[in-house]
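As a plain string of letters, each chain reads:
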Amino acid sequence: MGLSICVAGTQGASAHVKWFCAYDVAGQPRGLENVLCQDLELLVGLALFWLFAGCLVERTSLGEAMTRSLDRVTQGLRLHTEEMIRVVCGFFFISVWAVGGIMLTPELKTTSPLVGFLQLAIAAGVLSRHTLPLSAAGIVALFGIALRDYGTFHLADYPIFLGVAAYLALVGLQKDVFGMRPLDVVRYATAVTLMWASVEKWAYPEWSFPLLIEHPGLTFGFDSEFYMRASGVVEFTLAFALVWTPLARRVAAAVLAGMFISACLEFGKLDAIGHSAIIAVLLAIIADDWQPAVSDRRVPWLAPVGLGAALTVTVSAYYVAHATIFNTSIL
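Residues numbered from 1 in each chain as written. Predicted model: local features only at pLDDT ≥ 70, side-chain atom pairs only at ≥ 80, totals over all residues. Heavy atoms only, no water.

### Digging into helix 7 (residues 113-125)
Definition in use: Helix numbering and strand numbering both begin at the N terminus, where a helix is a DSSP run of H or I of at least 4 residues and a strand a DSSP run of E of at least 2. By definition here, a helix of n residues has an expected span of 1.5 Å times n minus one. Residue contacts follow a heavy-atom distance rule, with two residues in contact if any of their heavy atoms lie within 4.5 Å. Two N or O atoms form a polar contact when they lie within 3.5 Å of each other; inside protein one atom must be a possible hydrogen donor and the other a possible acceptor, and for residues adjacent in sequence the pair counts only when both atoms belong to side chains.
With 13 residues, helix 7 ought to run about 18 Å at 1.5 Å a step, and its terminal C-alpha atoms sit 19 Å apart, in line with that. Contacts from the buried residues of helix 7 go to helix 6 (81-99) and helix 8 (132-150). For helix 7, the side-chain oxygen to backbone nitrogen distance between the N-cap and Leu114 is 3.2 Å, and the N-cap itself is Ser112.

Right under this line is the structure:
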């Protein structure tokens, strides 16, 4: 409940800034000495506390009651998860074909007519389970074209598309991969996508400032600098929770879905189309009642340790990769 209150005003964080504002992927990010400030440390401390508290609740009778309630509310969606994801994928690729001139997201522009045919073929392939692997191959091909045109660092924002492709291929072939279900694969890809995007909010907060000026209500009166730090911490924490224990990831997915849906209401159809796939995945995670066959060994005190480790690794990877590719400074 406390975490939900904290994120009530963060829908602007879920509007992908590259779709609405000017950006420079190769530009110098803010040095880590400026990013790792006192405000960020305080926000991360609060996030660690709330994640630990949530994991403690999960093991109580209250957590069990919350799980049963989620199971009842999402039963219908759970029975039709595959169909929902297929329909949304079809909607997404028909929509981007209709808009024209883009590959996977609005800022990934193209003039190739082949891309449009590929998008229609992907949408057609989701009509049957037997052709899902072909649609998956089409998504990977589009991702490869975008990778060639825009580079590795830019496409690091979008591993969710590879996760969706893996989901479709595994569902079509009726297989798991290394013991992970198709939904688990796309869940991990979604978590990685959102954790990486969170770092961008700290490295390039100025990209979002025009958006916050245009929509001042998003900040709830907070300073823009503080708001961007807070929205990044909230998004990173919720993204990490997607790879944690069953109730933690379902609650995190519910909050994230609410953030993305509210952003669609604020920013219109472009945001709705662009985020339709991730919203569908989050709804599938909310409805997922799968429990591991053996007892989960991730005890509550490991949650803040895991979050801290994930934060350290992601921030380090972001800055080292950027410095290596674009010859920028880390500090």
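### Thoughts on the side chain of Thr328
If you trace the backbone, Thr328 turns up in the segment after helix 17 (302-326). There is a polar contact of 2.8 Å between the side chain of Thr328 and the side chain of His322. Setting aside residues up to four positions removed in sequence, Thr328 forms contacts with Ala26, Gly27, Gln28, Pro29, His322 and Ala323.

### A word on the pattern of salt bridges
For side chains bearing opposite charge, pairing can occur when the charged atoms are close. Quick reminder of the rule: The term salt bridge refers to a pairing of a side-chain nitrogen on Lys or Arg with a carboxyl oxygen on Asp or Glu at a separation within 4 Å. Summary of the burial criterion: residues with accessible area below 20% of their type's maximum are buried, those above 50% are exposed, and those between are partly exposed, where the area comes from a 1.4 Å probe applied to protein chains only.
Counted under the stated rule, the structure contains 13 salt bridges. Measuring nitrogen to oxygen at the nearest pair gives 3.0 Å for the salt bridge that ties Arg187 to Asp184. Taken together, the residues span about one helical turn, with Arg187 and Asp184 both in helix 11 (residues 182-203) at a distance of 3 residues. Both residues of the pair, Arg187 and Asp184, belong to the buried class.

### Details of helix 17
Spanning 25 residues, helix 17 covers 36 Å between terminal C-alpha atoms, matching the ideal 36 Å at 1.5 Å per step. For helix 17, every residue scored as buried is listed here: Ala303, Pro304, Gly306, Leu307, Ala310, Leu311, Thr314, Val315, Tyr318, Tyr319, His322 and Ala323. Elements that come into contact with the buried residues of helix 17 comprise helix 2 (32-35), helix 3 (38-58), helix 9 (152-155), helix 11 and helix 13 (224-241). Note on helix 17: the residue one or two positions beyond its end, Asn327, has a positive phi of about 60 degrees.

### Here's the deal with unusual backbone geometry
With a phi close to 55 degrees, Phe178 is a non-glycine residue in the positive phi region. As for its position among the elements, Phe178 is in the loop between helix 10 (159-173) and helix 11. Taking relative accessible area as the criterion, Phe178 reaches 83% and is therefore assigned exposed. Look at Asn327: it is not a glycine, yet its phi comes out positive at around 60 degrees. Examined against the element boundaries, Asn327 turns out to sit in the segment after helix 17.

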